[in-house]
Amino acid sequence: LAMRTAPTIVRAVPMFIIAGLFFGMRAPASYASFAAWALSILGAVFLSAAFTTLFTIFLLWTISGDGIYRLSFVFVYMFSGMLIPLPLYPSWMQGIINFMPFRGLFDTPSRLYIGHIPPQEVFSVLIQQIVWTLLIIILGRFLLSRATKRLVAQGG
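What counts, and where the lines are drawn
Residues numbered from 1 in each chain as written. Predicted model: local features only at pLDDT ≥ 70, side-chain atom pairs only at ≥ 80, totals over all residues. Heavy atoms only, no water. Phe/Tyr/Trp six-rings, centres within 6.5 Å; stacked < 30°, edge-to-face > 60°. Helix = DSSP H or I, 4+ residues; strand = E, 2+ residues; numbered from the N terminus. Buried < 20%, exposed > 50% of the residue type's maximum accessible area, 1.4 Å probe, protein only. 1 Å grid on protein atoms, 1.4 Å probe; cavity = no way out; pocket = protein on both sides within 12 Å on 5 of 7 lines; lining within 4 Å. Points joined across faces, edges and corners; volume = space filled by probe spheres on them. Salt bridge = Lys/Arg side-chain N within 4 Å of Asp/Glu carboxyl O. Expected span 1.5 Å × (residues − 1). Bend = angle between axes of the 7 residues up to and from the residue. Axes fitted to C-alpha atoms, helices over the stretch in contact; angles between N-to-C directions. Parallel < 35°, antiparallel > 145°, perpendicular 65-115°, else oblique. Left-handed = near helix turned anticlockwise from the far one by under 90°. Contact = heavy atoms within 4.5 Å. Nonpolar A, V, L, I, M, F, W, Y, C, P; charged D, E, K, R; others polar. Core = buried A, V, L, I, M, F, W, Y, C linked by side-chain atoms within 4.5 Å.

**Here's the deal with the packing of aromatic side chains**
In the structure shown here, the tally under the stated rule is 13 aromatic pairs. An angle of 70° between the planes, with centres 5.6 Å apart, marks the rings of Phe16 and Tyr113 as edge-to-face. With Phe16 in helix 1 (residues 2–22) and Tyr113 in helix 5 (residues 107–114), this residue pair connects regions lying 97 residues apart in the sequence. Look at Tyr113 and you get buried, because its relative accessible area is 13%. With a centroid separation of 5.5 Å and 45° between ring planes, the pair formed by Phe34 and Trp37 is classed as tilted. With Phe34 and Trp37 both in helix 2 (residues 31–58), this residue pair falls three residues apart, about one helical turn. According to the relative accessible area criterion, Phe34 is partly exposed, its value standing at 42%.

Next up, the structure:
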């Protein structure tokens, strides 16, 4: 969690200040919007930590981790909304993209902050973050238990 939180805070605070001072960025429209955004940020941190741990567990089956990390960054950037905003993808992809867990990393918090997610959908997108986080944790624990049964440490 610290590995995901500290760099984000170091980058986000100056960006929020500059965006507020020079580009007219405003605070969320209501306290409820701010609370939903704060909860989604917390959910994004947990989801990101779960992904990072899962990708690290995948390293137990590889000789080099370069491929896994490069591939994971492609998926995260493409399907989280960091590279291309998710509403700009074709309509036939919207259902798939909205179902995938990557949305909860960037798209959900940013769209809650600016008010693009209607109030009636707030609960469902926050639940989606929680469910995906739990599923990734369960998958990670399963894979870790399988990997440690086969793990051979040299010299010990």
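**Considering the layout of surface pockets**
One way to see where empty space is left: roll a probe the size of a water molecule over the atoms. Approximately 1,400 Å³ is the volume attributed to the largest pocket. Every residue lining the largest pocket is counted, 39 residues in all, and those nearest its centre are Thr8, Arg11, Met82, Leu105 and Phe106. Going through the elements one at a time, helix 1, helix 2, helix 3 (66–79) and helix 5 are the ones with two or more residues in the lining of the largest pocket. Looking at which element gives the most residues to the lining of the largest pocket, the answer is helix 1, with eleven residues.

**Observations regarding the pattern of salt bridges**
Tallying each qualifying case throughout the model produces two salt bridges. With its nearest N and O atoms 3.5 Å apart, the salt bridge here joins Arg103 to Asp107. Residues Arg103 and Asp107 agree in their burial class; the two are buried. In this structure, the salt-bridge partner of Asp107 is Arg111, at a minimum N-O distance of 3.4 Å.

**Some points on helix 1**
Taking 1.5 Å of rise per residue, 21 residues should cover 30 Å, and helix 1 covers 30 Å from first to last C-alpha, within 8% of that figure. At Ile9, helix 1 is bent by approximately 25°, the largest bend along its length. Gly24 occupies a position one or two residues after helix 1 and carries a positive phi of about 70°.

**A word on the packing of helix 2 against helix 3**
Here helix 2 crosses helix 3 at 150°, and the two axes come no closer than 9 Å. Looking at the two axes, helix 2 sits roughly antiparallel to helix 3. Note on packing geometry: the crossing formed by helix 2 with helix 3 is right-handed. Contacts from Phe55, Thr56 and Phe58 in helix 2 reach Ile68, Tyr69 and Ser72 in helix 3. Class assignment of the residues belonging to the contact of helix 2 with helix 3 gives a composition of four nonpolar, two polar and no charged.

**Thoughts on the nonpolar core**
In this structure, Leu47, Phe51, Phe79, Ile97, Phe102, Leu105 and Ile136 are the most contacted members of the largest nonpolar core, which totals 19 residues. Elements that contribute at least two residues to this core include exactly helix 2, helix 3, helix 4 (91–99) and helix 6 (119–150). Per element, the largest residue contribution to this core is six residues, and it comes from helix 2. Discounting chain neighbours no more than four positions away, the residues touching Leu47 are Pro101, Gly104, Leu105, Gln129, Trp132, Thr133 and Ile136. Ala36, Ile117, Val122 and Val125 belong to the second largest nonpolar core, which has six residues in total.

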